[in-house]
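# Tertiary structure, described
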Amino acid sequence: MAIIITDECINCGACEPECPNTAIYEGADDWRWKDGTRLSGKIVLPDGTEVDADAAQTPISDDIYYIVPGKCTECKGFHEEPQCAAVCPVDCCVPDDNHVEDEETLLNRQAFLHNE
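Okay, so let's go over this structure. Since this is a predicted model, take the numbers as computed values, not measurements. (Residues numbered from 1 in each chain as written. Predicted model: local features only at pLDDT ≥ 70, side-chain atom pairs only at ≥ 80, totals over all residues. Heavy atoms only, no water.)

### Some thoughts on the overall build of the protein
- Along the protein, the regular secondary structure elements total 2 helices and 6 strands.
- Its helices and strands taken in sequence order, the protein reads β-β-β-β-β-α-β-α from the N to the C terminus.
- Along the first, second and third principal axes, the C-alpha set of the protein runs to 35 × 30 × 25 Å.
- Looking at the protein as a whole, 41% of its 116 residues are labelled buried.
- Long-range pairs, those at least 24 residues apart, make up 73% of the contacts in the protein between residues at least 6 apart in sequence.
- Of the roughly 6,300 Å² that the protein leaves accessible, carbon and sulfur atoms contribute 44%.
- Mean positive and mean negative side-chain charge positions of the protein (7 and 25 charges, respectively) differ by 10 Å. (Helix = DSSP H or I, 4+ residues; strand = E, 2+ residues; numbered from the N terminus. Buried < 20%, exposed > 50% of the residue type's maximum accessible area, 1.4 Å probe, protein only. Contact = heavy atoms within 4.5 Å. Areas by Shrake-Rupley, 256 points an atom, 1.4 Å probe, with all protein chains shown as cover. Lys, Arg positive; Asp, Glu negative; His and termini not counted. Charge placed at Lys NZ, Arg CZ, Asp CG, Glu CD.)

Below, the structure is given as structure tokens:
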């Protein structure tokens, strides 16, 4: 499953540089599929949706740091545990019950994002 940042977030930013997929953004910041990945131009996402990897996407939160579920791999393929949760000083990076995924799905996403 993806990780979510709860409302307890103190906006310290410790999690953002730890994400190997650049799936974490500061509140109100636009995000892009290309950020921290090898994606560029027109791409087809694993769910069949066609998007422009270079286009700015609407922020998921305006107030606190947030994680883009479609870019989160729980650090599978990079680390033994989600690095955002490991460094969060207030334990607000937790599993997202709305985005439950198995390890194979997460590893496939990692390969998709990084063209491996």
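### Re the pattern of salt bridges
- Summed over all chains, the structure comprises 1 salt bridge.
- Among the salt bridges present, the one from Arg109 reaches Glu101, with a minimum N-O distance of 2.5 Å.
- With relative accessibility at 13%, the residue Arg109 sits in the buried group.
- The class for Glu101 is partly exposed, based on a relative accessible area of 22%. (Salt bridge = Lys/Arg side-chain N within 4 Å of Asp/Glu carboxyl O.)

### Focus: the nonpolar core
- If you look at the biggest cluster of nonpolar residues, it comprises 16 residues, and the most contacted ones within it are Ile5, Cys15, Ile24, Ile67, Cys84 and Cys93.
- The residues touching Cys84, leaving out its near neighbours within four places in the chain, are Ile3, Cys15, Ile24, Ile67 and Cys93.
- Listed in part, the 11 residues of the second largest apolar core include Tyr25, Trp33, Val68 and Leu113. (Core = buried A, V, L, I, M, F, W, Y, C linked by side-chain atoms within 4.5 Å.)

### Regarding the environment of Pro95
- Positionally, Pro95 belongs in strand E6 (residues 93-95).
- Assessed through its relative accessible area of 48%, Pro95 is described here as partly exposed.
- For Pro95 and Asn115, which are 20 residues apart along the polypeptide, the C-alpha to C-alpha distance reads 25 Å.

### Comments concerning a negative patch on the surface
- On the surface, Asp7, Glu8, Asp62 and Asp63 cluster together into a patch of negative charge.
- Checked against the element boundaries, Asp62 lands in the loop between strand E4 (50-52) and strand E5 (66-67). (Patch = residues over 30% accessible without salt bridge, like charges linked within 9 Å, V, L, I, M, F, W, Y side chains within 5 Å.)

### Side note on unusual backbone geometry
- At Cys75, a residue that is not glycine, the phi angle is positive and equals roughly 70°.
- Tracing the sequence through the fold places Cys75 in the loop between E5 and helix H1 (83-87).
- Positive phi outside glycine occurs at Asp91, with the angle close to 55°.
- The residue Asp91 is located in the loop between H1 and E6 in this model.

### Some remarks on the state of the cysteines
- Going through the model one piece at a time under the given rule, you end up with 0 disulfides.
- No disulfide involves Cys75; its sulfur sits 6.0 Å from that of Cys19, the nearest cysteine.
- Look at Cys75 and you get buried, because its relative accessible area is 8%.
- Residue Cys92 stays outside any disulfide, its sulfur separated by 3.5 Å from that of Cys88, the closest cysteine. (Disulfide = S-S within 2.5 Å.)

Take it as geometry only, folks, not as evidence of what the structure does.
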